[in-house]
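# Chains, contacts and geometry: an overview
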Amino acid sequence: MSDERPARPSDIARAALEAARAASAARPRPTRRRIAGPRRSWSGPGPGADDPQPLGRLVDSLVAQQDWSERTRTGAVFGRWEMLVGPEIAAHCAPQTLTEGELLIVAESTAWATQLRLLAPTILGKLRAGVGGDVVTRLRVVGPTAPSWKKGPRSVRGRGPRDTYG
């Protein structure tokens with residue numbers, strides 16, 4: 001009788017593992033070709049620059065890059081007029097032009113023009129709070145204009161049309 005014992009399953013598994021390691025070490029390793037360009041870095045758990053962004057954030061970054069902030073604040077005066085001055089005032093007047101900090105407001109009647117001239121400091125305060133202090137510095141309020149009777153390149157001085165209506 002020989003002193004050899006039957007092999008245990010753990011010994012068989014250990015011998016198979018050692019043989020696989022030796023075969024792997026003897027095999028030549030494949031070389032990995034590197035793709036040209038910068039290596040990708042992962043953004044982590046938060047949103048990255050290449051992730052989808054809200055539209056408002058993208059527009060704000062575009063405005064900042066192109067230095068359009070002054071134009072957007074000027075446009076906000078006209079686009080958000082009712083929200084800035086309130087619906088009651090906006091129902092009776094409208095902004096016409098904004099040049100060099102002076103906002104021309106056209107009122108629907110002379111009574112409203114007078115009222116808006118009295119409310120000018122309040123309106124300026126609302127505009128400064130809404131769009132910034134340096135966009136609108138002065139208000140010029142005018143009433144409605146009368147129809148012009150001048151037609152064509154030449155006109156005659158005088159009292160105007162007298163027999164037009166009769």
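Structure: above.
Residues numbered from 1 in each chain as written. Predicted model: local features only at pLDDT ≥ 70, side-chain atom pairs only at ≥ 80, totals over all residues. Heavy atoms only, no water.

In this section: the environment of Gly143. Position of Gly143 among the secondary structure elements: in the segment after strand 3 (138-142). Gly143 sits 27 residues away from Leu116 along the chain, and the two C-alpha atoms are 10.0 Å apart. When neighbours within four sequence positions are excluded, Gly143 is seen to be in contact with Val106, Ala107, Ser109, Ala113 and Arg117. (Helix = DSSP H or I, 4+ residues; strand = E, 2+ residues; numbered from the N terminus. Contact = heavy atoms within 4.5 Å.)

So, about a nonpolar patch on the surface. Together, Leu55, Leu58 and Val59 make up a nonpolar patch on the protein surface, roughly 290 Å² of accessible area in all. Inspection of the secondary structure puts Leu55 in helix 2 (residues 55-66). A relative accessible area of 63% means that Leu55 is categorised as exposed. (Patch = residues over 30% accessible without salt bridge, like charges linked within 9 Å, V, L, I, M, F, W, Y side chains within 5 Å. Areas by Shrake-Rupley, 256 points an atom, 1.4 Å probe, with all protein chains shown as cover. Salt bridge = Lys/Arg side-chain N within 4 Å of Asp/Glu carboxyl O. Buried < 20%, exposed > 50% of the residue type's maximum accessible area, 1.4 Å probe, protein only.)

Our focus in this paragraph is the pairing of strand 1 (residues 93-99). In the sheet, strand 1 pairs with strand 2 (residues 102-107) via 6 bridges, with the strands oriented antiparallel. Bridging from a neighbouring strand, Thr97 pairs with Leu104 of strand 2. Linking strand 1 back to strand 2 in an antiparallel pair, the connection comprises 2 residues, with Glu100 at a positive phi of about 50 degrees. (Pairing = 2+ DSSP bridges.)

The phi dihedral of Asp67 is positive, around 60 degrees, even though this residue is not glycine. Positionally, Asp67 belongs in the loop between helix 2 and helix 3 (69-79). The class of Asp67 is exposed, set by a relative accessible area of 62%. Even without a glycine there, the phi angle at Glu100 is positive, about 50 degrees. Structurally, Glu100 can be placed in the loop between strand 1 and strand 2. Given the relative accessible area of 78%, Glu100 is considered exposed.

On to the pattern of salt bridges. Charged atoms that come close allow side chains of opposite charge to pair. Taken as a whole and judged by the stated rule, the model has 7 salt bridges. In this structure, Asp134 engages Arg73 in a salt bridge whose closest nitrogen and oxygen atoms are separated by 3.1 Å. Of this pair, Asp134 sits in the loop between helix 7 (120-131) and strand 3 while Arg73 is found in helix 3, placing the two residues 61 residues apart along the sequence. Arg138 is the salt-bridge partner of Glu102, the closest N and O atoms lying 3.7 Å from each other. Of this pair, Glu102 sits in strand 2 while Arg138 sits in strand 3; the two residues are 36 residues apart in sequence, bridging distant segments of the chain. Looking at Arg138, the relative accessible area reads 43%, which means it is partly exposed. One network of salt bridges, in which partners are shared, links Arg8, Asp11 and Arg14.

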